[in-house]
Amino acid sequence: ALYEKNGFVEGFETQLFQKDRNKIWVSMTGRVVLDETGQIVCYEGTAVDITARKEIERLLQGERETFYGILQKAPYGAALIDKDGRYLFVNPEFTAVTGYTLEDIPTGREWFAKAYPDEHYKRYVIEEWKKDIQARGINKTFNVVCKDKTTREIEFRSALLDDGRAV
C-alpha cells in the first residue's frame, strides 16, 4: 500500500520469518522501479536486521513499566520532573496528599505558585531546594498549601537522576 501510495517505503519496520522459521525484525527502505511506459519493473531496496534493537526496546519498555508501576503503587507521593522543570508524572498518592494533579501543576513554576503562595516563604523553599538538590537531594519538611487551601507539613525527599530529571 505504501509503494502504491508513495512509490517508496522508508524505515518500514516489520517482523519476518527467516528460511529456518526464526522470526527477525527488519527495517525496510525501497522504491518502485518503473519502465518508460510507467509499468512496474521491480522493487528495489534494503532490509536491515533490527532484531537486537527491538529486543533492547522491549527490555527498556519493561523497565519503564516496572518503574512507573512502582511509582503508581507507592505509599508516598511521587513526582517525576524533567530538567526543564516540567512535571512528567505525579502518582495517585501525590494527588491524595496535595490534591494537585499533573494538569494542575504542569511545571515547577505552577507547583511553587500554588503550593507556596506566600512570596517570602516561596523564595525560602526555592533557595533550600536549589541548595540541596544539586549536592545530595532534598530531605526537608515544608508547609504546602494544598489544592483545597489547607496547609500540610510535608517531608520532601528527592534526588537528581543521571539524565537531569528529578524524583
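Residues numbered from 1 in each chain as written. Predicted model: local features only at pLDDT ≥ 70, side-chain atom pairs only at ≥ 80, totals over all residues. Heavy atoms only, no water.

Moving on: the overall build of the protein chain. Each helix and strand in the protein chain was counted, giving five helices and seven strands. The linear arrangement of helices and strands in the protein chain, starting from the amino end, is α-β-β-β-α-β-β-α-α-α-β-β. In summary, the protein chain has a C-alpha radius of gyration of 26 Å against a globular reference of 15 Å for 167 residues, an excess of more than 25%. When its C-alpha atoms are laid out on the principal axes, the protein chain stretches across 75 × 35 × 30 Å. (Helix = DSSP H or I, 4+ residues; strand = E, 2+ residues; numbered from the N terminus. Rg over C-alpha atoms; globule rule 2.2 N^0.38 Å.)

Enumeration over the complete set of coordinates arrives at 14 aromatic pairs. Here the aromatic rings of phenylalanine 94 and tryptophan 111 are separated by 5.6 Å at their centres, their planes lie at 50 degrees, and the arrangement is tilted. With phenylalanine 94 in helix 3 (residues 92-98) and tryptophan 111 in helix 4 (residues 108-115), this residue pair connects regions lying 17 residues apart in the sequence. The pair formed by phenylalanine 94 and tryptophan 111 is uniform in burial state, with each residue classed as buried. (Phe/Tyr/Trp six-rings, centres within 6.5 Å; stacked < 30°, edge-to-face > 60°. Buried < 20%, exposed > 50% of the residue type's maximum accessible area, 1.4 Å probe, protein only.)

Turning our eyes to something else, we now look at helix 4. Every buried residue belonging to helix 4 is among Gly108, Trp111, Phe112 and Ala115, and all of these are buried. Take helix 4 and look down its axis: the buried residues cluster within an arc of 90 degrees, on one side only. (Arc of directions from axis to C-beta.)

Here the focus is the sheet that holds strand 1 (residues 8-17). Pairing in this open sheet of three strands is antiparallel, and the strands run 1-2-3 from one edge to the other. Two strands lie at the open edges of the sheet, namely strand 1 and strand 3 (40-49), each paired on one side alone. The sheet shows a mean angle of 35 degrees between the axes of neighbouring strands, direction not considered. Of the pairings in the sheet, the one linking strand 1 to strand 2 (residues 23-34) comprises eight bridges and is antiparallel in character. (Pairing = 2+ DSSP bridges. Axes fitted to C-alpha atoms, helices over the stretch in contact; angles between N-to-C directions.)

What follows deals with the pattern of salt bridges. As enumerated under the stated definition, the model contains 13 salt bridges in all. In this structure, the salt-bridge partner of aspartate 82 is arginine 86, at a minimum N-O distance of 2.9 Å. Aspartate 82 gets classed as buried once you look at its relative accessible area, which sits at 12%. A relative accessible area of 43% means that arginine 86 is categorised as partly exposed. Across the salt bridge formed by aspartate 84 and arginine 86, the nearest N and O atoms sit 3.6 Å from each other. By relative accessible area, which is 56% here, aspartate 84 ends up exposed. Each of Glu13, Arg53, Lys54 and Glu57 takes part in a single network of salt bridges with overlapping partners. (Salt bridge = Lys/Arg side-chain N within 4 Å of Asp/Glu carboxyl O.)

The values are spatial; any link to function lies outside them.
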